[in-house]
Amino acid sequence: MALITNDSSDLQRDKLKALGIEPEKAWHVGDSLDTDIAGARAASLTAVRLNRTGQIRHESQPEPYFEIRTLASLTAILKFE
């Protein structure tokens, strides 16, 4: 098992290599546009925003590939990918 976090990018790339998958095939779910989503996009991961409170994304903030309100709704997205 490997945990992909918003730690240093070098450590995360080593984990993706150990898993044997390309970054484009990995998903990162996070609630912060400025750290989680920006970091995931910079690492070429599929960025999923967990937006439990329905906060509006400002145009200047990074755009997630997907946005969900609950972790349970993540399974619906995964079925179509």
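Further up the page is the structure itself.
Residues numbered from 1 in each chain as written. Predicted model: local features only at pLDDT ≥ 70, side-chain atom pairs only at ≥ 80, totals over all residues. Heavy atoms only, no water.

## A closer look at the packing of aromatic side chains
Stage number 1. Tallying each qualifying case throughout the model produces one aromatic pair.
Stage number 2. Aromatic pair W27 and F66: ring centres 5.3 Å apart, planes at 15°, arrangement stacked. Taken together, the residues W27 in strand β1 (residues 27-30) and F66 in strand β3 (residues 66-68) connect sequence positions 39 residues apart.
Stage number 3. We note R41 situated over the ring of Y65; from NZ or CZ to the ring centre the distance is 4.5 Å. (Phe/Tyr/Trp six-rings, centres within 6.5 Å; stacked < 30°, edge-to-face > 60°. Helix = DSSP H or I, 4+ residues; strand = E, 2+ residues; numbered from the N terminus. Lys NZ or Arg CZ within 6 Å of the ring centre and 35° of its normal.)

## Examining the sheet that holds β3
Stage number 1. The three strands are arranged β1-β2-β3 in an open sheet whose pairing can be described as parallel. The sheet terminates laterally at β1 and β3, the two strands that pair on one side only. Geometrically, the sheet is characterised by an average inter-axis angle of 25° between neighbouring strands, direction not taken into account.
Stage number 2. Judged from the three bridges that link them, strand β2 (residues 46-50) and β3 form a sheet pairing that is parallel. Following the sheet pairing, L50 is matched in β3 by I68.
Stage number 3. Along the sheet, helix α2 (residues 33-42) contacts β1 and β2; its crossing angle with β2, the most-contacted strand, is approximately 160°. (Pairing = 2+ DSSP bridges. Axes fitted to C-alpha atoms, helices over the stretch in contact; angles between N-to-C directions. Contact = heavy atoms within 4.5 Å.)

## Side note on the nonpolar core
Stage number 1. Within the largest apolar cluster, seven residues are counted, these being L16, A26, L33, I37, A40, L45 and A47.
Stage number 2. In terms of residue count, α2 provides more of this core than any other element does, three residues in total.
Stage number 3. Formed by five residues, the second largest nonpolar core is a distinct cluster that contains V48, L50, I68 and L74. (Core = buried A, V, L, I, M, F, W, Y, C linked by side-chain atoms within 4.5 Å. Buried < 20%, exposed > 50% of the residue type's maximum accessible area, 1.4 Å probe, protein only.)

## Focus on the pairing of β2
Two faces belong to every sheet, and in a regular strand the side chains alternate between them.
Stage number 1. The element β2 is largely enclosed, with a buried count of five among its five residues.
Stage number 2. Here β2 shows a buried face lined by T46, V48 and L50 and a second buried face lined by A47 and R49.
Stage number 3. Regarding topology, α2 serves as the crossover connection from β1 to the parallel β2, and that connection is right-handed. (Right-handed = clockwise from strand over helix to strand, strands pointing away.)

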